[in-house]
Amino acid sequence: MKFLSYCISFAILFIVIISCTKKITPKLNTDSGVNVGLIDTLNSNILEENRELIIYLPESAKDPKLKREQYPVVYLLDGRYAFHPFVSMLRTYSEMYDNKILPEMIVVGISNTNRTFDFSPTTADHPEQFGGGEKFLEFIEKEVFPYIEQNYSGSQKSRTIVGHSFGGLVVMNSLTRHTELFQNYLLIDGSLWFDNELFLKNQKYSVQDKDLSTKNLYIAAANTATYGSTLETIKTDTISANDYVRHHLELVKQIQNMKNGIPNMSWKYYQNDTHGSTAYLAFVDAFRFFYAWFEFKKETKYMTKYFVPETNEDRFAMLTKLHFEKVSKKLGYTFFPQETWMRDNAGMLLNFHNQKDQALETYLLNKKYYPNSPFTHKDLGDFYLSIQDTIQAIQNYKKVLELEDISNIRQILNTIEH
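Residues numbered from 1 in each chain as written. Predicted model: local features only at pLDDT ≥ 70, side-chain atom pairs only at ≥ 80, totals over all residues. Heavy atoms only, no water.

The way to describe two aromatic rings as a pair is by their centre distance and the angle between their planes. Evaluated as defined, the whole model comprises 34 aromatic pairs. Residues F136 and F139 carry aromatic rings whose centres are separated by 6.1 Å and whose planes lie at 40 degrees to one another, so their mutual orientation is tilted. Placement of both F136 and F139 in helix α4 (residues 133-151) is noted, with a separation of 3 residues, approximately one turn of the helix. Assigned by exposure class, F136 and F139 land together as buried. Aromatic rings pair up to connect F86, Y218, Y280, F283, F287, F289, F290, Y291 and W293 into one cluster. Its guanidinium or amino end placed over the ring of F335, R68 lies 4.0 Å from that ring's centre, counting from NZ or CZ. The side chain of R159 reaches across the aromatic face of F145, ending 3.7 Å from its centre. (Phe/Tyr/Trp six-rings, centres within 6.5 Å; stacked < 30°, edge-to-face > 60°. Helix = DSSP H or I, 4+ residues; strand = E, 2+ residues; numbered from the N terminus. Buried < 20%, exposed > 50% of the residue type's maximum accessible area, 1.4 Å probe, protein only. Lys NZ or Arg CZ within 6 Å of the ring centre and 35° of its normal.)

Structural data, given as structure tokens:
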């Protein structure tokens, strides 16, 4: 019996050990996941093929109550390759934090079918491999633009093109020969060697004698040079491995020597990054450069509890009004701050700063921006009630009920009126 007891105990221990060491396979729900974009297909008569578009829509565009009239659009070449890193950058700077640095944007990633052919503007004596660049830009202008603007609220007046490596040829071709297509141009370590340095040496394709004074250009050059080379030595050496960097230095030089130049041009040599890793950093730097005017920096004056404006221009409502008028002018369409942002700041002026007059100005400005929102009128009703102005409180509460039947507002009105 004792032996049998030992056997049973050993068997139980063995089963326990096996159970503990057994590999557990997680059960995955393949129907769920994190979706950052949608895939659409455009049947192109110009290219005579179906072309995949990978589209990112800002969160506000998915909510009828928050959707803006228009959004800036980023046209991203090499869509499958660049889409996720670009969208992660954009969401970080436009949607994830209270202090918005970039406006919300639509991203259109254009997938490749024949990359070298589509991106090259000339045949470079190899028509079977190169030369579809003009038709590709025609496809973007006549088919992609209208489709995005009609179906996704894309803006005509705030378009950006982003091209990396061979995609840089499309950026340069649109900049120098189809200037009207985009407002912002991001060239990331472009293949400026193509067709005997076409965009540097051929006057038809170069920046020379072109009027680019209203365009915004950012040039990102990666460190593809031979070890030990510096920007200064690259300018004068003849090492072929340094040509990629040298070509970008030459482009910058040509722009700087133009009669009118490109006033809003910036460039950077990413000394610590490769041809591939430069792209993500360039996304951040370029878009902060393109939209440097978007961030509402003057609101930081009110971060301290003790700030008291000395002039009318320094009052919060006036700062807000003037800033977003400037933003609207730059974007080419009316752009108001978010309603909740205005409400929060009015509450901050009332409760944190104890400046009732400024709070009222901000509530009134929010009502001007969003006259059909019940919440803007509710805020005013609450404010007037707090200062015992029952006449104004009643007027605003009644307006709330005209827009939306909210039970607690009826209770407040009954209390005030009786």
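Read on for the rest.
Grouped together as the largest cluster of nonpolar side chains are 62 residues, with contacts concentrated most on F86, L186, F283, F287 and Y291. By residue number, the principal contributor to this core is helix α9 (residues 278-290), which donates 7 residues. Aside from chain neighbours lying at most four places away, what touches L186 is I161, V162, G163, V171, Y218, A282, F283, A286, F287 and F290. One finds L77, I106, L181 and I219 within the second-largest nonpolar core, a separate group that totals 52 residues. (Core = buried A, V, L, I, M, F, W, Y, C linked by side-chain atoms within 4.5 Å. Contact = heavy atoms within 4.5 Å.)

Turning our attention to the sheet that holds strand β7 (residues 216-222). The mixed open sheet is built from 8 strands, whose spatial order is β1-β2-β4-β3-β5-β6-β7-β8. The open sheet has two free edges, formed respectively by β1 (38-44) and β8 (264-270), since each of these has just one partner strand. When the angles between neighbouring strand axes are averaged without regard to direction, this sheet yields 20 degrees. Summarising the sheet, β7 and β8 pair through 7 bridges and their orientation is parallel. Bridge pairing in β8 links Y218 to S266. Set on the sheet, helix α2 (residues 79-94) makes contact with β1, β2 (49-56), β3 (71-76), β4 (106-110) and β5 (154-164); between it and β2 the angle comes to about 20 degrees. (Pairing = 2+ DSSP bridges. Axes fitted to C-alpha atoms, helices over the stretch in contact; angles between N-to-C directions.)

Relative to the helices and strands, E402 is located in helix α14 (residues 390-403). Look at E402 and you get exposed, because its relative accessible area is 60%.

Non-glycine residue S153 carries a positive phi angle of around 65 degrees. Checked against the element boundaries, S153 lands in the loop between α4 and β5.

With that settled, consider helix α6 (residues 194-201). Every α-helix carries 3.6 residues per turn, so stepping three or four residues along brings you back to the same face. The complete set of buried residues in α6 reads F194, L198, F199 and L200. The arc that holds every buried residue of α6, seen down its axis, measures 165 degrees, which confines them to one face. Residues N196 and K201 are exposed on α6 and point more than 90 degrees away from its buried face. Where α6 is buried, its residues meet α5 (168-177) and α8 (243-256). (Arc of directions from axis to C-beta.)

Under the 1.5 Å per step criterion, the end-to-end length of helix α10 (residues 316-331) is 22 Å for 16 residues, consistent within 8% with the ideal 22 Å. Listing the buried residues of α10 in full gives F316, A317, L319, T320, H323, F324, V327, S328 and L331. Along α10, the residues classed as buried sweep out an arc of 160 degrees about the axis, all on the same side. Elements that come into contact with the buried residues of α10 comprise β3, β5, α11 (339-351) and α12 (356-369). G332 occupies a position one or two residues after α10 and carries a positive phi of about 90 degrees. (Expected span 1.5 Å × (residues − 1).)

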